[in-house]
Amino acid sequence: MNAIKIIRLICINVLVIDSLRNLPIIANLGSNLFMLYIVAAVIFLIPVAYLSRRIAEVGLSTGAASIYQFTRMELGHRMAKLQEVFLWVYNVLWYPTLILFLGSFIAPIIKEPINANYLSLFFLIPMLLLSLLPILFSSSVSTVFALIGAIIPMSILSIYAFVTIFMHPSHSSLSYFMPHLGDLKLSYIPTVFFSLMGIEIATMHSDLLFSKKSQWNIALWISVVLIIFLLTGCGLAVWEMGQGHFLGALTISLMKVFSFVPVPHFSHLIILLIALSILAQAVFWMQATARGIVKAFSGGVDWLKVRLTVVLQTVITLIAMIGIIKYKSFNSAFIYVSNLSVLFAVFYYMILMSSYLKYCHTNKKRKTWGIIGAGGIVVLLITVLMTL
């Protein structure tokens with residue numbers, strides 16, 4: 001039973017964090033990707049993973065694993081509510097970019113010519129309907145789609161990328177995995193950090209809590225390694241095969257990689273499965289953030305209010321999508337909204353990491369990862385402000 005829970009937690013972590021929407025953007029960083037992800041993992045992902053384990057431990061002792069509850073215990077009601085507001089805003093800004101990416105991802109496999117941006121608007125309907133379902137049901141569905149629609153296809157794409165790199169004579173040297181400052185694009189760096197955000201959200205699912213610290217360690221460390229492997233490998237694959245296509249770059253890369261399978265339209269099937277995992281990811285976040293903001297301001301989870309909040313989030317997403325589509329430069333608007341979302345995410349993590357440091361100080365726990373994480377958040381804040 002615990003092994004199944006560990007697998008479920010790993011799948012949820014991968015689904016929540018491995019946003020394929022980020023791949024066409026981070027792919028522009030090219031051979032800088034590997035070192036950037038290693039650095040971002042050390043100064044951000046691993047500290048937040050330790051933080052999420054601490055939230056789970058507190059949840060087991062108090063009976064309520066909640067980011068809001070954890071911050072409220074350490075910094076008080078006002079800071080906990082402000083934290084939830086930042087979490088809600090950064091996700092509401094993220095939804096339109098995710099759904100627009102979904103349209104661009106699907107459009108190349110549709111025979112009839114169709115505008116990818118307007119196709120994206122269609123996906124708001126299933127996202128809304130699925131988000132109104134019970135959260136336990138959606139988390140189970142998300143686990144399935146994370147496995148068949150994200151982990152397996154992304155693993156194949158990543159393995160292909162690394163095998164190609166090491167087999168190619170010009171790629172065999174260590175310099176390929178070292179930073180190349182001349183190719184570094186500052187506006188894309190926040191997306192590297194953004195693609196690693198969210199591992200603490202799984203603590204909202206009480207059915208995924210473990211009574212033993214070792215089980216959490218196993219799940220979290222496997223999640224961290226798998227996330228870095230998948231994002232780096234897929235980013236490098238998209239960089240090699242999908243240059244010049246922006247949001248459609250991942251689709252082009254997948255069609256090239258899976259073209260060797262002697263099954264008609266097999267690559268199209270893979271793309272559809274991945275699209276379902278992207279939709280499941282949007283639903284997971286839609287429910288989690290709506291539930292969090294309602295709980296923070298109502299003192300409990302009122303499912304009618306949660307559903308009304310989901311509807312509000314969908315309406316805001318629709319308005320933001322129309323704004324991005326109508327802007328004179330779609331790519332610029334897309335990246336700007338993405339970085340604006342990261343800015344609010346930074347504010348959210350600043351409060352959450354402060355809660356963690358306060359907890360460590362009060363309970364005489366080691367602060368090492370908390371201090372490293374706080375430093376990583378400051379680095380991210382400076383980078384985001386420089387790109388806006």
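Preceding this paragraph is the structure being described.
Treat the numbers as computed from the prediction; the structure is a model and nothing was measured.

**Q** It is not clear to me how the overall build of the protein chain should be interpreted in this structure. Could you clarify?
**A** In terms of regular secondary structure, the protein chain is built from 15 helices and zero strands. Among the 388 residues that make up the protein chain, the fraction classed as buried is 56%. Long-range pairs, those at least 24 residues apart, make up 82% of the contacts in the protein chain between residues at least 6 apart in sequence. If you sum the accessible surface of the protein chain, you get close to 15,800 Å²; carbon and sulfur atoms cover 71% of it.

**Q** Where do I start with the packing of aromatic side chains in this structure?
**A** Ring pairs (aromatic) are described by centroid distance and by the angle formed between their planes. Throughout the structure, instances matching the rule amount to 16 aromatic pairs. On the numbers, 6.2 Å between centres and 75 degrees between planes, the contact of Phe 44 with Phe 193 is edge-to-face. Separated by 149 residues along the polypeptide, Phe 44 in helix α3 (residues 33–62) and Phe 193 in helix α9 (residues 189–194) bring together distant segments of the chain. Across the pair, Phe 193 and Phe 44 agree in class, each one buried.

**Q** I would appreciate a short explanation of a nonpolar patch on the surface in the present structure.
**A** A cluster of nonpolar side chains, contributed by Val 144, Leu 147, Ile 148, Ile 152 and Ile 156, occupies part of the molecular surface with about 380 Å² of accessible area. As for its placement among the helices and strands, Ile 156 is situated in helix α8 (residues 135–167). Taking the relative accessible area as the measure of exposure, Ile 156 reaches 34% and is therefore partly exposed.

**Q** Explain the environment of His 77 to me, please; I cannot follow it from the model alone.
**A** Within the secondary structure layout, His 77 lies in helix α5 (residues 77–106). When its relative accessible area of 47% is taken as the criterion, His 77 is described as partly exposed. In sequence terms His 77 and Phe 297 are 220 residues apart; their C-alpha atoms lie 9.8 Å from each other. With residues up to four places along the chain from it excluded, the contact list for His 77 reads Tyr 68 and Arg 72.

**Q** Explain the environment of Ile 38 here, please?
**A** Relative to the helices and strands, Ile 38 resides in helix α3. A relative accessible area of 33% places Ile 38 in the partly exposed class. In sequence terms Ile 38 and Thr 232 are 194 residues apart; their C-alpha atoms lie 9.3 Å from each other.

The rules behind each value
Residues numbered from 1 in each chain as written. Predicted model: local features only at pLDDT ≥ 70, side-chain atom pairs only at ≥ 80, totals over all residues. Heavy atoms only, no water. Helix = DSSP H or I, 4+ residues; strand = E, 2+ residues; numbered from the N terminus. Buried < 20%, exposed > 50% of the residue type's maximum accessible area, 1.4 Å probe, protein only. Contact = heavy atoms within 4.5 Å. Areas by Shrake-Rupley, 256 points an atom, 1.4 Å probe, with all protein chains shown as cover. Phe/Tyr/Trp six-rings, centres within 6.5 Å; stacked < 30°, edge-to-face > 60°. Patch = residues over 30% accessible without salt bridge, like charges linked within 9 Å, V, L, I, M, F, W, Y side chains within 5 Å. Salt bridge = Lys/Arg side-chain N within 4 Å of Asp/Glu carboxyl O.

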